[in-house]
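Chains, contacts and geometry: an overview
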Amino acid sequence: MNALGFPILSLMLLVPLVAAGVCLFVSNNTARWLALGATLVDLALGIFLWGAYDIGGPQWQFVENAPLFGRFSWALGIDGIALMLIMLSVFLMPICIAASWSSIEHRIPEYMAAFLLMETLMIGVFAAQDIFLFYIFFEAGLIPMYLIIGIWGGAERIYASYKFFLYTLLGSVLMLVAMLWMVNFAGTTSIPVLLQTDFPPEAQTLLWLAFFASFAVKLPMWPVHTWLPDAHVQAPTAGSVILAGVLLKLGGYGFIRFSLPMFPEASAELFWLVMGLSMVAIVYTSLVALVQRDMKKLIAYSSVAHMAFVTIGLFAFNRQGIEGALIVMLSHGLVSGALFLCVGVIYDRLHTREIDRYGGLSDNMPAYAVLFLLFTMASVGLPGTGGFVGEFLSLLGAYRANSWVAFVATTGIILGAAYMLYLYWRVAYGKLDKPDVAAMPDLNKRELAMLTFIAAVVLWMGVYPESFLAPMRNDVGTLLARIERANPGGDARIAMSASPKPAAVEHDGNVPKAAEGGH
Amino acid sequence: MIQLIVFLPLLAALVAGLGGRAIGSLASKLITTAALFASCALSWPIFLGFMSGNYAGGWVEPVLAWIHSGDLRVDWSLRVDALTAVMLVVITTVSALVHLYSWGYMEEDPDQPRFFAYLSLFTFAMLMLVTANNLVQMFFGWEGVGLASYLLIGFWYHKPSANAAAIKAFVVNRVGDFGFSLGIFGTFLVFGTVSIPEILAAAPGMAGATFGFLGMRVDVMTTLCLLLFVGAMGKSAQLGLHTWLPDAMEGPTPVSALIHAATMVTAGVFMVCRLSPMFEVSPTALTVVTVVGAATALFAATVGTVQNDIKRVIAYSTCSQLGYMFFAAGVGAYSAAMFHLFTHAFFKALLFLGAGSVIHAMHHEQDMRFYGGLRKEIPLTFWAMLAGTLAITGVGIIQVGGFAGFGFAGFYSKDAIIESAFMSGTTTGGFAFAVGIFAALLTSFYSWRLIFLTFFGKPRWAASEHIQHALHAHDHNDPIAENAGHDTRPHEEHAREVPTGTGGYHPHESPWTMLVPLGVLAIGAIFAGLLFHGPFIDAHEGAEFWRGSLAFDEHLMEEIHHAPLWVKLAPAFVMIVGFLIALQAYIRNTTIPARFVGQFGILHAFLFNKWYFDQLYRYLFIIPAFGFGRIFWKVGDEGTIDRFGPNGAAALVAGGNKLTARLQSGYLYTYALVMLLGLAAAATWAMAR
């Protein structure tokens, strides 16, 4: 057991699972309140977990281990990275339930159950310490999402869920094969042990590619991103929030947990594959976002571009890059979630996602306009919001890895501003000349609360990101220590002028020291 | 104290912005304006403290940790030194006056709390920029002022032209920020820190070093300085990235005075001065700064001579004066650049606020062709603008023998720049000097043209749609319609004769809230040069004042006193020539402009269309961006990836459309089954071992 004396992680998995089961047998309204209650309990447990997490303590904390059969065991435990991603999940969940409060009108108990089940599975992904347990959570998490799109989605939901399914299936089969090989080679299913295992470099490439097939789809990376716009467009609002907020982060988490530390040589070898796809993604999907007429599609494409900041940061092989990627994951989870909520708010009123149907909302929905502006600016990466801290660090890291990558990726800050402000113009500015738009009321208390909570955290992350960086610092250090041997090195190679001067030129920042304690 | 100066405006912005609806217009205005006057009152003692040498090298006040990642350590902190102190008084003074002025100017606007909140927010961001002790906080302020600028340009968001201008400003500035960002990344890579004092201390050691950048082997300091300078070019609207500034005039006029004349657009100049020890290491970068500055000074002055919109004339004038500041920095006269920034803040804010007073009097008409003869109607505004014009054109008498010289603000600062360029002794310095002289002629011409068209001659008000609107629809008070009216009339290519006549309209002088700021700024425009040229540009006093907060060149500042007499007299000479041409063309023989246009139509069209930059960028960037977006979407995503990916798979499996019917039940089942089978296999295998 762990220091707390009770299995908190199992409890966090159990609460929504039990609630999901109960939900199926109660009335609509009870189901709503039950779901909200259960997610709030998990949020409270999450806050407690964060408070109890010992920064600078052992790498894996709150460890639980109960052998099931063979080598397969109920092994849970988290490091700082998993902790922050669990926090993201438990924070967004009550907001998702609130967002679905009145917009979901049929099969409400089933809907709430699906969301609660998803929460269990998402926390499970981040907490799993057994590779097969991870696989179950990772893949099973898609089933409730698939149901949410397929049952409560829009008119084209069948096509969207089919696409979603097809892409993810391909990746998961390859990943499973790779996992089997690894367990066979290392003789264990324990992730902490596998993290210490040095796989032969010649096998690494194939293993890396197998995992990549799965993670690149989840993230998603160009060119396996086309499921995302359709999935988002068809999903109900809360589905989009969870999809963008947490499910897209599974790919990034996979890179951090498996690809980089387990296959460092392969990661270095395939550096240009990742960087190349990311650079294409930033320019390509940003331009596509510019011409979208559907709000959700626009934000979906912007997500693809933002996720590319995650990959360039992770594969930069330095601290700023990786910490930046992690902050991008957290901040994008909040900001894109909030942007989808913003779309949902006006979709609930006018039942269209077509941008041109709106305009001038600043007049009749001023509170909405302010919050939407804040999230737009956070998406654009304005300093003072979490988006900036993440983008800045990951681009800084990318520059240290290769100036070309940073040069191309940084164009994203120009294009991002263009498509987001163009969207904001068409929705919130202009004349309020459409009667049905003018009749839309401003945010109600429930909507205001949801968006304000997210806004507060986005600003907190932008002004004092130390709260979020500190728990992850040692774990990034551990990761860096693991991959440093394969670091391809940057392209700068400063050469001093003829007059020799013993300057401290080497700042590669990959100091694997755990002594950089936070604040 | 510095904390109060910086955070009072933020606090006021939050109260007015978030609580404006609850506390009402008047309270919002009171709170924001009071906060700014308090900030201003606290700033002057700091500035005077530096003038008297009490504060010496300055200090840094830590606020909070910000981004710590490995050896990157970025903290929130407030740096105060002489350079910051100059900016503090400029920002808080102009901002406080603009707040006050807006009481009158925005009186009829229904959205006043929002307006004042934006103004205060802007002031906060600008103060964070100038008190930054590291490049990242400077970038925070940089982007913060960009946001405020975006919000204020688009303040009247019902107007499509205002929205377009706001986006243009933000995106063009982002192009600059692209360079700035890469500059910060590179600086960190090279120096291992983003702390400004540490970078400046280490910069000389990097002289001659090279590094790899985009596959090339390049000089470290030149590359870093040029990347950072791209940021400065964006914010300070230098040639190439200037296109947003004239359009930014869509914002309310007080905004133009504060943001697009006195403060934000000078941030680039401030940045180059702040980092001047870095630029000093790279002569190549300084050459580029000089050439870009000189080219901008010339370009904007030429365009300014043919504009009809009173605000656009002043906007191009600002752009041109910023060019002066940059080429001053480029030739190493950073103190002269800062001095011009300081005096320019007063007289340019004055000109803009004066223009605002005229526009207010003329019922939101901005086209000077419909002005004329306003001297007698709004005399106080006239005298204020006259002071501004005397300052910008640099009227003054040089010190000869025992007679003490006297000059308006621009006389000291602009002449110092022109003389520095000459005395720097470099080829680019000589080029900048020649351009500076010619641009000074144009400056004088367009400034007097503005005065003559607006205040002299016969009234030509009757033909104005705005005046018509005022005369016939005055009873229904609809400020939105006023604001919206201007962009409906297409810009006219050629100067045409506008019939004279008042149409029975009586312009009225502005209220005291608008006149007091004009008066204060007029005093600044008259005396700022005389009072402050010592500490700013005198060789000895300057060294005492700046104390290393910028790369002060004592030698050059001494040298300019020994410039040949013809160099000293040249600016005054061209100033008079410009005045005389304007007098001839706009007072004595008013047919000259039309004849000029007839004779040199192509030249006029070239200038009138701003050297066709907007059209060029439209075809180079905007249309291709949308075009590629559509191609990537339709041909890339839908035509290729989907066609051969998921849709192709669907066709293979089920022969097309029939598939969809079976998807919902069928595929979920398959999916779960595959996963379970895989797991079962894994578990079996694990148990069997």
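Residues numbered from 1 in each chain as written. Chains lettered and ligands numbered in written order. Predicted model: local features only at pLDDT ≥ 70, side-chain atom pairs only at ≥ 80, totals over all residues. Heavy atoms only, no water.

1. Quick word on the interface of chain B and chain A
Facing the 87 residues of chain B at the interface are 100 residues of chain A. Note on chain B versus chain A: buried area summed over both sides is about 8,600 Å², and carbon and sulfur give 72% of it. For the pair chain B and chain A, the interface holds one salt bridge. Measuring nitrogen to oxygen at the nearest pair gives 3.8 Å for the salt bridge that ties Arg-400 of chain A to Asp-71 of chain B. For the pair chain B and chain A, the interface holds 19 residue pairs in polar contact (both at pLDDT 80 or more). Broken down by element, the side of chain B that touches chain A gets its largest block of residues, 19 residues, from helix H5 (residues 160-191) of chain B. (Contact = heavy atoms within 4.5 Å. Buried area = accessible area lost by both parts, 1.4 Å probe. Salt bridge = Lys/Arg side-chain N within 4 Å of Asp/Glu carboxyl O. Polar contact = N/O pair within 3.5 Å; in protein donor to acceptor, adjacent residues only side chain to side chain. Helix = DSSP H or I, 4+ residues; strand = E, 2+ residues; numbered from the N terminus.)

2. Details of the pattern of salt bridges
Counted by the stated rule, this structure contains 23 salt bridges over all chains. Among the salt bridges present, the one from Arg-319 of chain A reaches Glu-323 of chain A, with a minimum N-O distance of 2.8 Å. Of the two residues, Arg-319 of chain A and Glu-323 of chain A both sit in helix H15 (residues 319-350), four residues apart, roughly one turn of that helix. According to the relative accessible area criterion, Glu-323 of chain A is buried, its value standing at 1%. The closest approach of N and O atoms between Asp-367 of chain B and Arg-369 of chain B, which form a salt bridge, is 2.6 Å. Here Asp-367 of chain B falls in the buried class, since its relative accessible area comes to 6%. Through salt bridges with shared partners, a single network forms among Lys-168, Asp-247, Arg-312, Lys-610 and Asp-614 of chain B. (Buried < 20%, exposed > 50% of the residue type's maximum accessible area, 1.4 Å probe, protein only.)

3. Remarks on the packing of helix H18 (residues 386-401) of chain A against helix H19 (residues 403-428) of chain A
All names here are of chain A. Two elements in contact, H18 and H19, have axes whose closest approach is 7 Å; the angle formed by their N-to-C orientations is 155 degrees. Considered as vectors, H18 and H19 are oriented roughly antiparallel to each other. Residue-level inspection shows Glu-391, Leu-395, Ala-398 and Tyr-399 of H18 in contact with H19, the latter providing Ser-403, Val-405, Ala-406, Ala-409, Thr-410 and Ile-413. By residue class, the composition of the contact of H18 with H19 is seven nonpolar, two polar and one charged. (Axes fitted to C-alpha atoms, helices over the stretch in contact; angles between N-to-C directions. Parallel < 35°, antiparallel > 145°, perpendicular 65-115°, else oblique. Nonpolar A, V, L, I, M, F, W, Y, C, P; charged D, E, K, R; others polar.)

4. A word on the UniProt feature "domain: NADH:quinone oxidoreductase/Mrp antiporter transmembrane" (unreviewed entry) in chain A
The feature "domain: NADH:quinone oxidoreductase/Mrp antiporter transmembrane" (unreviewed entry), as given by UniProt, occupies residues 128-413 of chain A in the numbering adopted here. The span residues 128-413 of chain A is 81% helix and 0% strand, and its two end C-alpha atoms sit 36 Å from each other. (UniProt positions renumbered as here; feature names shortened; annotations may be inferred.)

5. So, the side chain of Ser-267 of chain A
With respect to the helices, strands and loops of the structure, Ser-267 of chain A is situated in helix H12 (residues 264-269). Residues in contact with Ser-267 of chain A, not counting those within four places in the same chain, are Trp-208, Ser-259, Leu-260, Phe-315 and Phe-317 of chain A.

6. Looking at helix H13 (residues 271-290) of chain A
Between the first and last C-alpha of H13 of chain A there are 29 Å, a value that for 20 residues agrees with the 28 Å anticipated at 1.5 Å per step. Extensive coverage of H13 of chain A is indicated by the burial of 15 of its 20 residues. (Expected span 1.5 Å × (residues − 1).)

7. Some details on the packing of aromatic side chains
Residues and elements named next belong to chain B. Within this structure, the stated rule accounts for 95 aromatic pairs over all chains. Taking the centre distance of 5.5 Å and the plane angle of 20 degrees together, the rings of Phe-606 and Trp-611 count as stacked. Accessibility expressed as a relative area gives 27% for Trp-611, which makes it partly exposed. One residue, Lys-29, lies across the ring of Trp-103, its end atom 4.8 Å from the ring centre. Here the basic side chain of Lys-634 rests over the ring of Trp-633, its NZ or CZ set 4.1 Å away from the ring centre. (Phe/Tyr/Trp six-rings, centres within 6.5 Å; stacked < 30°, edge-to-face > 60°. Lys NZ or Arg CZ within 6 Å of the ring centre and 35° of its normal.)

8. Section: unusual backbone geometry
In this chain, Leu-219 of chain A is followed by Pro-220 of chain A through a cis amide linkage whose omega measures -15 degrees. Pro-223 of chain A follows Trp-222 of chain A through a cis peptide bond whose omega is 0 degrees. Looking at where Pro-223 of chain A falls in the secondary structure, it is placed in the loop between helix H9 (201-218) and helix H10 (227-234). Located in the positive-phi region is Phe-317 of chain A, a residue other than glycine, with phi close to 60 degrees. Along the polypeptide, Phe-317 of chain A turns up in the loop between helix H14 (295-314) and H15. Classification of Phe-317 of chain A as buried rests on a relative accessible area of 1%. For Arg-547 of chain B, which is not glycine, the phi dihedral falls at a positive 50 degrees.

9. So, the pairing of strand S3 (residues 210-213) of chain B
Two strands pair when backbone bridges link them, and S3 of chain B and strand S4 (residues 216-219) of chain B are joined in this way by four bridges, in the antiparallel orientation. Its bridge partner being in S4 of chain B, Gly-212 of chain B is matched across the sheet by Arg-217 of chain B. (Pairing = 2+ DSSP bridges.)

10. Some words on the packing of helix H14 (residues 334-361) of chain B against helix H16 (residues 409-423) of chain B
Residues and elements named next belong to chain B. H16 packs onto H14 with a crossing angle of 150 degrees between their chain directions and a minimal axis gap of 9 Å. What the angle tells us is that H14 and H16 run roughly antiparallel. Where H14 crosses over H16, the handedness of that crossing is left-handed. Along the contact surface, H14 presents Ala-336, Phe-339, His-340, Thr-343 and Phe-347, while H16 presents Ala-409, Gly-410, Tyr-412, Ser-413, Lys-414, Ala-416, Ile-417 and Ser-420. Tallied by class, the residues present in the contact of H14 with H16 amount to seven nonpolar, five polar and one charged. (Left-handed = near helix turned anticlockwise from the far one by under 90°.)

11. Quick look at the confidence of the model for chain A
All names here are of chain A. Taken residue by residue, chain A gives an average pLDDT of 87. The fraction at 70 or more is 95%. Mean pLDDT across the elements of chain A bottoms out in helix H7 (residues 157-186) (81) and peaks in helix H21 (residues 445-463) (94). Under a pLDDT of 50 for its full length, residues 500-519 has, in the predicted model, 37 contacts with residues more than four places off or in other chains. (pLDDT = per-residue confidence, 0-100.)

12. Examining the nonpolar core
Formed by 459 residues in total, the largest nonpolar core has its most connected members in Tyr-150 and Phe-211 of chain B. At 19 residues, the largest contribution of residues to this core is made by H14 of chain B. With residues near it in sequence (within four places) discarded, Tyr-150 of chain B still touches Leu-373, Met-377, Leu-421, Tyr-424 and Tyr-429 of chain A together with Ala-166, Ile-167 and Phe-170 of chain B. (Core = buried A, V, L, I, M, F, W, Y, C linked by side-chain atoms within 4.5 Å.)

13. Describing the state of the cysteines
Covalent bonding between the sulfur atoms of two cysteines defines a disulfide. Summed over all chains, the structure comprises zero disulfides over all chains. Of the cysteine sulfurs around Cys-96 of chain A, a residue in no disulfide, the closest is that of Cys-342 of chain A, at 14 Å. (Disulfide = S-S within 2.5 Å.)

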